[in-house]
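Understanding the architecture of this molecule
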Amino acid sequence: MGILSEFLNNKKTVVILGHVNPDGDCIGSCLGLYNYIRENFPQTEPYVYLEPMGQKFGYLKGYGDVRNEYEPNQQFDACITLDASDVGRLGSFAPYLESAKDSLCIDHHITNHGLAKTNLVESSASSTCEVLYGILEEEKISLLTAECLYTGIVHDTGVFKYSNTSRKTLEIAGRLIEKGVDFPKIIDRSFYMKTYGQTRVHGEALSKCSLLMDGRLIYTVVTGEELLRYGCTVKSTDGIIDQLRVVEGVECAVLLYETGKPSEYKVSLRTNTELDVSRVASAFGGGGHVKAAGCTVIGSVDEIIERVCSEVRRQWAGMEQQGMPD
Ligand code: AMP
Ligand code: MN
Ligand code: MN
C-alpha cells in the first residue's frame, strides 16, 4: 500500500493546509491533493483551508471549495500540510494540525525540520507538487488534478527555468501534459499575465531599485501607498524579484514590501551564486531554499537592508576564507 492509502486508512475527515499568502505551488498542491482524494478515496472527506488566493488561480478545480477562515469548532481525523516549512507558516490554521490525531507533512524546503507525525520532505524537488506527484498513482490522476500539479510546478520553477528544475521535473510535467493539460493557457494565465495596476507597480518598483555592495546586491521597496494607488494587493508584487535577480552583475536580489502591519516588511531574497539565501532568511526567523528564501521583519527599510547586507557580507567572508567560488 502506498503512503497516502496507508495514511488515509480509517480516516473519515482530512484537513489540507498550505502556507500563509499561498503561492502557485501551495495552491496547486493543496487543490491537487484535494481533487485526488475526492476522486479516489470516497470514504475520506477532504477540506482545504488557505488564506485568500489570487483570482488568477480560479481555473483550478476546487478553488471555490477552499475555506478562508479558521473555524474554532472544527476538528479533523487527519491533517496534511503542503509547502509549509514550519508551523508558523500555517498561520491561523495551525491549531488544526495540533488537534488532528494523525498528520503528514509534504514539502520541499531545505529549512523544513519536520512538523507532522510523518514527514516527507525532499529538498532537491522543484516543488511540493513534484513531491506530491511521487506518492500518487499515475493512472488515478485525472486531468483536473493534473492541472493543479502542473500549475504548482510551473510556478516554483519559474516556468522550468530555475536551477531546481531537473530531468524528473520535466518528466513529470511531460506526463501531466499527456493527460491533456492546456499548458500554454495555464502558463500565460497564471504566471505571466498581469493586471494594468500590477504592471505599473512593477514599473515603479524597478525604476527605483538601488545597487549596494559594489553592485553585488540590488534591492527595491514596494510601499502600501503604492499598492493602494494602483488598486493592488501584496500579491501584485509577484515577479518583481525575478527581474531584479537577472540584473547584470547582481549576486543577491532583495525585495521589501509593506505587509500592512505597522513597520512590518516581507523580505524576498534570491541569488544566482553560491550564496545561501535560506541562511540569510533564517537569521530573521524565515526560511526557504538555498536560492530563494523569505522572511517577515519589523523595522525601517534602512535597518532591514543594513542587516541583510551584514548577513550576506558574513557569508561572503566565510566563502573567501574557504576559497569557495562565488
Ligand atoms: P518568496 O520570496 O515569498 O517567494 O519566498 C521564497 C521561498 O522562501 C518560498 O519557498 C517560501 O516558501 C519561502 N519563504 C518565504 N517567506 C518565508 C518565511 N517567512 N518563513 C519561511 N519560509 C519562507
Ligand atoms: Mn510556496
Ligand atoms: Mn514550493
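Read on for a plain summary of the structure. Here the structure is a predicted model, which means the values were calculated and not measured. (Residues numbered from 1 in each chain as written. Chains lettered and ligands numbered in written order. Predicted model: local features only at pLDDT ≥ 70, side-chain atom pairs only at ≥ 80, totals over all residues. Heavy atoms only, no water.)

1. Some details on empty space enclosed by the protein
Which entries qualify depends on this criterion: Only protein atoms enter the 1 Å grid used here. Points where a 1.4 Å probe fits but cannot escape make up a cavity, open sets with protein on both sides within 12 Å along at least five of seven lines make up a pocket, and a residue lines them when an atom lies within 4 Å of a point. Grid points are joined across faces, edges and corners, and a volume is the space filled by probe spheres set on the points.
Tallied over the entire structure, the rule returns 1 cavity of 30 Å³ or more. As a volume, the largest cavity reaches approximately 40 Å³. Every residue lining the largest cavity is listed: Gly18, His19, Val20, Tyr49, Leu50, Glu51, Arg89, Leu90, Gly91, Ser92 and Phe93.

2. Description of the packing of aromatic side chains
Our working definition: Here a pair means two rings of Phe, Tyr or Trp (six-membered ring of Trp) with centres within 6.5 Å. Their orientation is stacked below 30 degrees between planes, edge-to-face above 60, and tilted elsewhere. Numbering of helices and strands starts at the N terminus; helices are DSSP runs of H or I of at least 4 residues and strands are runs of E of at least 2. Throughout this description, buried means an accessible area under 20% of the type-specific maximum (1.4 Å probe, protein chains only), exposed means over 50%, and partly exposed covers the range between.
Under the criterion given, the structure shown has 10 aromatic pairs. Both rings, one in Phe76 and one in Tyr96, keep their centres 5.2 Å apart while their planes meet at 85°; by these two values the pair is edge-to-face. Within this pair, whereas Phe76 is found in the loop between β2 (45-49) and β3 (78-82), its partner Tyr96 is found in helix α3 (residues 94-99), the two being separated by 20 residues in sequence. With a relative accessible area of 2%, Phe76 lands in the buried category. Residue Tyr96 is classed as buried on the basis of its relative accessible area, which comes to 1%. Their ring planes at 80° and their centres at 5.0 Å tell us that Phe191 and Tyr192 sit as a pair that is edge-to-face. For Tyr192, a relative accessible area of 45% corresponds to the partly exposed category.

3. Let's talk about the sheet that holds strand β7 (residues 217-222)
Short version of the rule: Here a strand pair is declared whenever DSSP counts at least two bridges between the two strands.
Across the sheet, 6 strands lie side by side as β6-β7-β8-β9-β11-β10; this open sheet has mixed pairing. Among the strands making up the open sheet, the edge pair consists of β6 (210-212) and β10 (287-288). Two elements, β10 and strand β11 (residues 292-298), share 2 bridges in a ladder whose sense is antiparallel. Residue pairing across strands places Gly287 opposite Gly294, the latter belonging to β11.

4. Looking at the side chain of His155
Operational definition: In protein, a polar contact means a hydrogen-donor-capable atom and an acceptor-capable atom, both N or O and within 3.5 Å, with residues adjacent in sequence counting only if both atoms are side-chain atoms; elsewhere, any N or O pair within 3.5 Å suffices. Should any heavy atoms of two residues lie within 4.5 Å, those residues are considered in contact.
For His155, the location among the structural elements is in helix α5 (residues 143-156). Reaching out from His155, the side chain makes a polar contact with the side chain of Ser190 at a distance of 2.9 Å. Sequence-distant contacts of His155, that is, excluding residues within four places in its chain, are made with Gly24, Asp25, Lys56, Phe57, Tyr162, Ser190 and Phe191.

5. Quick notes on the pairing of β7
Of all 6 residues in β7, 6 are buried; the element is thus mostly enclosed. Burial of the side chains of β7 extends over both faces: Leu217, Tyr219 and Val221 are buried on one face and Ile218, Thr220 and Val222 on the other. Inspection of the sheet shows β6 paired to β7 by 3 bridges, in the antiparallel sense. Across the sheet, Ser210 pairs through a bridge with Tyr219, a residue of β7. Linking two consecutive strands that pair antiparallel, namely β6 and β7, is a turn of 4 residues; a positive phi of about 50° is found at Met213 within it.

6. Quick look at the packing of α5 against helix α7 (residues 183-192)
Applicable threshold: With axes taken as lines fitted to C-alpha atoms, and helix axes fitted only over the stretch in contact, angles between N-to-C directions fall between 0 and 180 degrees. Just so you know how the angles are binned, under 35 degrees is roughly parallel, over 145 roughly antiparallel, 65 to 115 roughly perpendicular, and the rest oblique. Left-handed describes a crossing whose near helix is turned anticlockwise from the far helix by less than a right angle; the clockwise case is right-handed. Nonpolar residues are Ala, Val, Leu, Ile, Met, Phe, Trp, Tyr, Cys and Pro. Charged residues are Asp, Glu, Lys and Arg, and all others, Gly as well, are polar.
Interhelical geometry of α5 versus α7 gives an angle of 55° and a closest axis separation of 10 Å. Judged on the interaxial angle alone, α7 and α5 are oblique. The handedness of the crossing between α5 and α7 comes out as right-handed. Facing α5, whose interface residues are Glu147, Tyr150, Thr151, Val154 and His155, α7 presents Phe183, Ile186, Ile187, Ser190 and Phe191. Class assignment of the residues belonging to the contact of α5 with α7 gives a composition of 6 nonpolar, 3 polar and 1 charged.

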